[in-house]
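# A structural walkthrough
So the chains spell out like this:
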Amino acid sequence: MRELSDADPDGRWIVRSGPADDCSLTYRKQDLRLFSLSSAEHSVCLERLARRNTGWISFYFVVTGEIEVSDRPRRKIRHIPSGHVASVRETPGKRLTIQPSSSWLALHLPQSALRQHFEELTGHPYLQEFCLPPTNFRDGSAQDLYQILLQALNILSASPMEETFVLARAYYQLVLTQLYTKLPHNLAGVFVSSTPSDAPREVLRTEALMRDRLFEPVTLKELTDAAGCTERTLQRLFRTYRGRSPMGVLCNMRLAAAHHAIRNCERTSMTDLAMKLQFSNPARFSALYKRAYGLSPSRSMRLNRREDFETSG
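Residues numbered from 1 in each chain as written. Predicted model: local features only at pLDDT ≥ 70, side-chain atom pairs only at ≥ 80, totals over all residues. Heavy atoms only, no water.

This paragraph deals with helix α9 (residues 246–263). Taking 1.5 Å as the rise per residue, α9 with 18 residues should run 26 Å; its terminal C-alpha atoms sit 26 Å apart, in good agreement. Counting buried residues in α9 gives 13 out of 18 residues, a clear majority hidden from the surface. Remark: C265 follows α9 within two positions and exhibits a positive phi of approximately 55 degrees. (Helix = DSSP H or I, 4+ residues; strand = E, 2+ residues; numbered from the N terminus. Expected span 1.5 Å × (residues − 1). Buried < 20%, exposed > 50% of the residue type's maximum accessible area, 1.4 Å probe, protein only.)

Written as structure tokens, this is what we have:
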């Protein structure tokens, strides 16, 4: 258990049951720069408590046994039964209870990677977090993803150091494409219709105003007027259908616009870009951007300009 805690410093692991003469645990983890993979097989009941918000999302494939996911702040409990996969967002206090005689494979991805890939594929801002409900992976496309990850864990763990990064990048692109185009997640409709619909008209009206006013100040009162409902109703609808407040969605839209400008190497300073998108505090803009995309806006701009120069050269 000490070795397990060392391998996973973001979680606190506890043995919950099992006689002393029947306590077996096999655990593997492959940490890569772009993502990580882990697998385990154990005879006892294990519990993992997330220590902090890592900004990562984990996908647990339960081969045998069952995983119970408890989110105390939201008072929600989910079960991932044998033969199913589901996503789990790494937030403080998130508790996994893994039943005895369980085996599982997990993919761990930074949410910034999911966000970037979504926006590049669809051209739409990442309005809500990726959520994969418990899905059977014994057949169909989910089985394909499971086999890809199993193969990646075996090949990457046996590959020389100089080959690991190249192989990891190839698997990374393949896994992201599989996640977004093959599995029944909550954002799948955007890939089919190219519009973020499936929400009440109050939400869609509000988002239409947000898109029109990305570069102008917008108040919550103006948003509720556009929606045609009360502030309380609008807050509830956005929490239900977007997973965050109206102002949180507007912030995401503006961050996506900033990312688009940086990706296209638009000639502007970070302060000017922040002010243009109504972020009055450039330091806060930089922190929000880094949380969303994994790099600071200034570093992202330098990398994109370098790539653009190398491509043109």
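Once the structure has been displayed, the description carries forward.
Right, let's talk about the sheet that holds strand β3 (residues 36–42) for a bit. In spatial order, the strands read β2-β3-β10-β5-β8-β11; together these 6 strands make up an open sheet with antiparallel pairing. Unpaired on one side and paired on the other, β2 (25–31) and β11 (135–136) mark the two borders of the sheet. Two elements, strand β8 (residues 84–89) and β11, share 2 bridges in a ladder whose sense is antiparallel. Counterpart to V85 in the pairing with β11 is T135. Running at roughly 65 degrees to strand β10 (residues 102–110), helix α2 (residues 111–122) makes contact with β5 (56–64), β8 and β10 of the sheet. Packing of helix α3 (residues 140–158) onto the sheet brings it into contact with β2, β3, β5, β10 and β11, and relative to β2 it is tilted by some 85 degrees. (Pairing = 2+ DSSP bridges. Contact = heavy atoms within 4.5 Å. Axes fitted to C-alpha atoms, helices over the stretch in contact; angles between N-to-C directions.)

In terms of nonpolar packing, the biggest core is built from 35 residues, with F35, F59, L109, L114 and L179 touching the most fellow members. Those elements that place two or more of their residues in this core are β5, β10, α2, α3 and α4 (161–182). Top element by residues in this core is α3. It accounts for 8 residues. Excluding its chain neighbours within four sequence positions, the residues that come into contact with F59 are V85, A86, S87, L105, A106, L107, L109, L114, F130, L132 and L179. In terms of nonpolar packing, the next biggest core, distinct from the first, is built from 34 residues, L127, V249, A258 and M270 among them. (Core = buried A, V, L, I, M, F, W, Y, C linked by side-chain atoms within 4.5 Å.)

The next subject is the pattern of salt bridges. Applying the stated rule across the entire model yields 13 salt bridges. With a closest N to O distance of 2.8 Å, R52 and D10 form a salt bridge. Of this pair, R52 sits in the loop between β4 (46–50) and β5 while D10 sits in the loop between α1 (2–7) and β1 (11–15); the two residues are 42 residues apart in sequence, bridging distant segments of the chain. Look at R52 and you get partly exposed, because its relative accessible area is 45%. Residue D10 is classed as partly exposed on the basis of its relative accessible area, which comes to 22%. A salt bridge links E90 to R48, with the shortest nitrogen-to-oxygen separation between them at 3.0 Å. With E90 in the loop between β8 and β9 (95–98) and R48 in strand β4, this residue pair connects regions lying 42 residues apart in the sequence. Per residue, the accessibility class of E90 equals that of R48, and both read buried. (Salt bridge = Lys/Arg side-chain N within 4 Å of Asp/Glu carboxyl O.)

What follows covers the side chain of S300. Tracing the backbone through its elements, the reader meets S300 in helix α12 (residues 297–312). S300 sits in the buried class, given a relative accessible area of 7%. Setting aside its immediate chain neighbours within four residues, S300 contacts I262, Y289 and L295.

Turning to the packing of α2 against α9, a few remarks are in order. One can describe the packing of α2 onto α9 by two numbers: an axis separation of 12 Å at closest approach and a directional angle of 75 degrees. As the angle between them shows, α2 and α9 are arranged roughly perpendicular. Residue-level contacts link R115, Q116, E119 and E120 of α2 to N252, L255, A256, H259 and R263 of α9. Residues that form the contact of α2 with α9 fall into these classes: 2 nonpolar, 3 polar and 4 charged. (Parallel < 35°, antiparallel > 145°, perpendicular 65-115°, else oblique. Nonpolar A, V, L, I, M, F, W, Y, C, P; charged D, E, K, R; others polar.)

Structurally, K94 can be placed in the loop between β8 and β9. This buried residue, K94, is left without a salt bridge; D71 holds the nearest opposite charge, at 4.0 Å. When neighbours within four sequence positions are excluded, K94 is seen to be in contact with R48, L49, A50, V69, S70, D71, V88 and R89. (Lys, Arg positive; Asp, Glu negative; His and termini not counted.)

Before going further, it helps to spend a moment on the packing of α9 against helix α11 (residues 282–293). The interhelical angle for the contact between α9 and α11, taken along N-to-C directions, is 85 degrees, at an axis separation of 10 Å. Taken together, α9 and α11 sit at an angle that is classed as roughly perpendicular. Packed against α9, whose contacting residues are C251, L255, A256, A258, H259 and I262, the element α11 presents F285, L288, Y289, A292 and Y293 at the interface.

Among the surface-exposed residues, M1, V15 and L25 lie close enough to one another that they form a single nonpolar patch of about 210 Å² accessible area. By secondary structure assignment, the location of V15 is in strand β1. Taking the relative accessible area as the measure of exposure, V15 reaches 33% and is therefore partly exposed. (Patch = residues over 30% accessible without salt bridge, like charges linked within 9 Å, V, L, I, M, F, W, Y side chains within 5 Å. Areas by Shrake-Rupley, 256 points an atom, 1.4 Å probe, with all protein chains shown as cover.)

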